[in-house]
Amino acid sequence: MKITILIPAYNEQDNIAPLIQALDIAKSDMPDYQWEYLFVNDGSTDGTLSILEALHNERDDVAYVDLSRNFGKENAMLAGFDYATGDAMIIMDADLQDPPSVIKDMVLKWREGYDDVYARRKSRGRESWLRKQLSLTFYRILQGSTKIDILPNVGDFRLLDRKCIEAMRKLRESGRYTKGLFTYIGFRKTAVEFDRNDRTQGKSSFNFGKLFALAMEGITSYTTAPLRLATLVGVLVSLLAFIYMVYVFVKALLFGDPVAGYPTLMTVILFLGGVQLLTIGIIGEYLARVFNEVKQRPVYFVRDYKETKKQ
Ligand code: UDP
Ligand code: MG
């Protein structure tokens, strides 16, 4: 039985050595398995690639895929699914935020017959209050608008059986929200719990803008509920407008009110204009995604692939 450990790496030169060290310790507990460390170098601009080259030459269990530029973690993971050779795969961050000590629990669950063993964070490591709150709000919105469970406090850190890897490989959309896709494919899932560490070296490459983009991707690639919301708002506003119209009519006809127009007209026009722009914006978000998907561009390009040496 072979297990691939997939590690997407973007500018992680200082993290790779400690990570490999920790992984070696973790796997020494599980001698029954063959291991493959598969790195995906996601267009790093630091020394990551040369470190990977050296590792590949030194050891017979290190493979790497070198992407032609930075495609982002979601795409890098798809490259990993395509190139993994194991019967199962564990996806980990390069920065040691996902503790290798959890791997053993995952493998045990896998042997029990689970196909997708995801790690659930008991704590999230050092993170700003704002980021934590925004992240929780995002999950609440997402959860409220779809029937399929998206689990909070679960990241990409998980073990996937070959069946799941093959399923993930079939989902080749370019607007990728991998966490939603894991849920989408189904299969037998279970959780293991862990405490998330702080990043050891360097800093997170996910700033607020990137996280917001990922959240938008999550919502729009997962649910069309906002479009329905736009319809609902439209119906509601029309209804209110109709009631108000009747009110103005009755007031003018029965009570001879002279109907002072300007303020009311302004408010109604501005309000409706706002609602219309918002709705067009929502439609635009989806339209942009349709535009990107119909181009059917490959999700990543590979500059180089070095497989593990024959073990
Ligand atoms: N990563 C990547 N491509 C990117 C950004 C990040 O492959 O464009 C990798 C990164 O090297 C790390 C993982 O994705 O292994 C998680 O990134 P990071 O630690 O920056 O994210 P966070 O832990 O803050 O969510
Ligand atoms: Mg991290």
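Predicted, not measured: the structure shown is a model, and the values here were computed from it.

1. Considerations on the coordination of the magnesium ion (ligand 2)
Coordination sphere of the magnesium ion (ligand 2), protein contribution only: Asp 95 (OD) and Gln 97 (OE1), at 1.9 Å. By the burial criterion, Asp 95 is buried, and Gln 97 matches it.

2. A closer look at a nonpolar patch on the surface
Taken together, the side chains of Leu 236, Leu 239, Leu 240, Phe 242, Ile 243, Met 245, Val 246, Phe 249, Val 250, Leu 253, Leu 254 and Phe 255 present a nonpolar region at the surface, about 1,300 Å² in accessible area. In this fold, Phe 255 is placed in helix α9 (residues 225-255). The class for Phe 255 is exposed, based on a relative accessible area of 65%.

3. A closer look at the side chain of Arg 158
Positionally, Arg 158 belongs in strand β6 (residues 154-161). Under the relative-accessibility criterion, Arg 158 is labelled buried at 4%. The contacts of Arg 158, once residues within four sequence positions are left out, are Met 89, Ile 90, Ile 91, Met 106, Asp 116, Val 117, Tyr 118 and Phe 182.

4. Looking at the side chain of Asp 116
By the secondary structure assignment, Asp 116 is in strand β5 (residues 116-123). Engagement of the side chain of Asp 116 in a polar contact is seen with the side chain of Arg 158, the distance being 2.9 Å. Leaving out residues up to four positions away in the same chain, Asp 116 has contacts with Arg 158, Leu 159, Leu 160, Cys 164, Phe 182, Arg 188, Lys 189 and Thr 190.

What counts and how
- Residues numbered from 1 in each chain as written.
- Chains lettered and ligands numbered in written order.
- Predicted model: local features only at pLDDT ≥ 70, side-chain atom pairs only at ≥ 80, totals over all residues.
- Heavy atoms only, no water.
- Donors = N, O, S within 2.8 Å, 3.2 Å for Na, K, Ca; no water.
- Buried < 20%, exposed > 50% of the residue type's maximum accessible area, 1.4 Å probe, protein only.
- Patch = residues over 30% accessible without salt bridge, like charges linked within 9 Å, V, L, I, M, F, W, Y side chains within 5 Å.
- Areas by Shrake-Rupley, 256 points an atom, 1.4 Å probe, with all protein chains shown as cover.
- Salt bridge = Lys/Arg side-chain N within 4 Å of Asp/Glu carboxyl O.
- Helix = DSSP H or I, 4+ residues; strand = E, 2+ residues; numbered from the N terminus.
- Contact = heavy atoms within 4.5 Å.
- Polar contact = N/O pair within 3.5 Å; in protein donor to acceptor, adjacent residues only side chain to side chain.

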